[in-house]
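Structural features, examined
Okay, here's what each chain looks like letter by letter:
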Amino acid sequence: MQITAPCVVTLTWKLTDAQGQAIDDLTEPVEFFFGGEDLLPKVEEALEGQEAGHHALLHLEPEHAFGDYDAELVCFEQRSLFPEQLEAGMQFEGLPPGSVSEGMPSDVIYTVTEVYPSHVVLDANHPLAGMALNIDLTVRDVREATPEEIEARTVAAMPLSLAADLPPPGRPLH
């Protein structure tokens, strides 16, 4: 079966940064909805019309991956607004109640980057924002999408898009 929207593709990949440092190694095949929000547009472009067994090496500049890093998506909040057990790397959906940061998006994942006695530094950028990426991917299978998948435009409960276990703040990862 050829890859055309809507369908479901099963992929494996190795994802590295521009210097070849490993970011993600998806060795177990995972299904993604093709023609929805599960995959980056440039990945879909490379897969369009292909079949199971297709192998592709892609290089994505930030504008075709997770965008440029935006320093305006970093904010400071009072330490008292957060749980006692707090450390860098923890993530929260939206800002905590009582936050003072104006103009920050409310529908994204914030990553704690630094914890100080009086304040916490939060970053709403995607973890891969500003990075050029290399993707070595293989199509393992292609199947028709179910009516439920077509309606949801994803095969997952929450859309992903290109690197395991990283959150999708505003943009999908895998």
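Placed above this text is the structure.
Worth saying up front: this structure is predicted, and the values here are computed from it rather than measured.

**Focus: the nonpolar core**
Ranked by internal contacts, the top residues of the largest apolar core, which has 24 residues, are Val9, Leu11, Val43, Leu47 and Leu137. Of all the secondary-structure elements, those providing two or more residues to this core are β1 (7-17), β2 (22-34), α1 (41-47), β3 (55-60) and β8 (133-144). In contact with Val9, other than residues within four places in its own chain, are Ile3, Val30, Glu31, Phe32, Phe34, Leu39, Leu47, Asp141 and Val142. Core analysis: the next-biggest nonpolar cluster, separate from the first, contains 10 residues, Leu86, Met104, Val108 and Leu122 among them.

**Observations regarding the sheet that holds strand β5 (residues 91-93)**
Taken in spatial order, the 4 strands line up as β4-β7-β6-β5 in an open sheet, and their pairing is antiparallel. Two strands in the sheet have a free side with no partner beyond their single neighbour: β4 (74-78) and β5. Each neighbouring strand pair of the sheet contributes to a mean axis angle of 35°, computed without reference to strand direction. Judged from the 5 bridges that link them, β4 and strand β7 (residues 119-123) form a sheet pairing that is antiparallel. From the neighbouring strand, Cys75 faces β7, where its bridge partner is Leu122.

**Digging into the packing of aromatic side chains**
By the definition in use, this model includes 2 aromatic pairs. Measuring from ring centre to ring centre gives 5.3 Å for Trp13 and Phe32, while their planes differ by 25°; the resulting arrangement is stacked. Residue Trp13 is located in strand β1, and its partner Phe32 is located in strand β2; the two are separated by 19 residues in the primary sequence. Exposure class is identical for Trp13 and Phe32. Each is buried. Judged by centre distance (5.5 Å) and plane angle (65°), the rings of Phe82 and Phe92 are edge-to-face. Of this pair, Phe82 sits in the loop between β4 and β5 while Phe92 is found in strand β5, placing the two residues 10 residues apart along the sequence.

About the criteria used
- Residues numbered from 1 in each chain as written.
- Predicted model: local features only at pLDDT ≥ 70, side-chain atom pairs only at ≥ 80, totals over all residues.
- Heavy atoms only, no water.
- Core = buried A, V, L, I, M, F, W, Y, C linked by side-chain atoms within 4.5 Å.
- Buried < 20%, exposed > 50% of the residue type's maximum accessible area, 1.4 Å probe, protein only.
- Helix = DSSP H or I, 4+ residues; strand = E, 2+ residues; numbered from the N terminus.
- Contact = heavy atoms within 4.5 Å.
- Pairing = 2+ DSSP bridges.
- Axes fitted to C-alpha atoms, helices over the stretch in contact; angles between N-to-C directions.
- Phe/Tyr/Trp six-rings, centres within 6.5 Å; stacked < 30°, edge-to-face > 60°.

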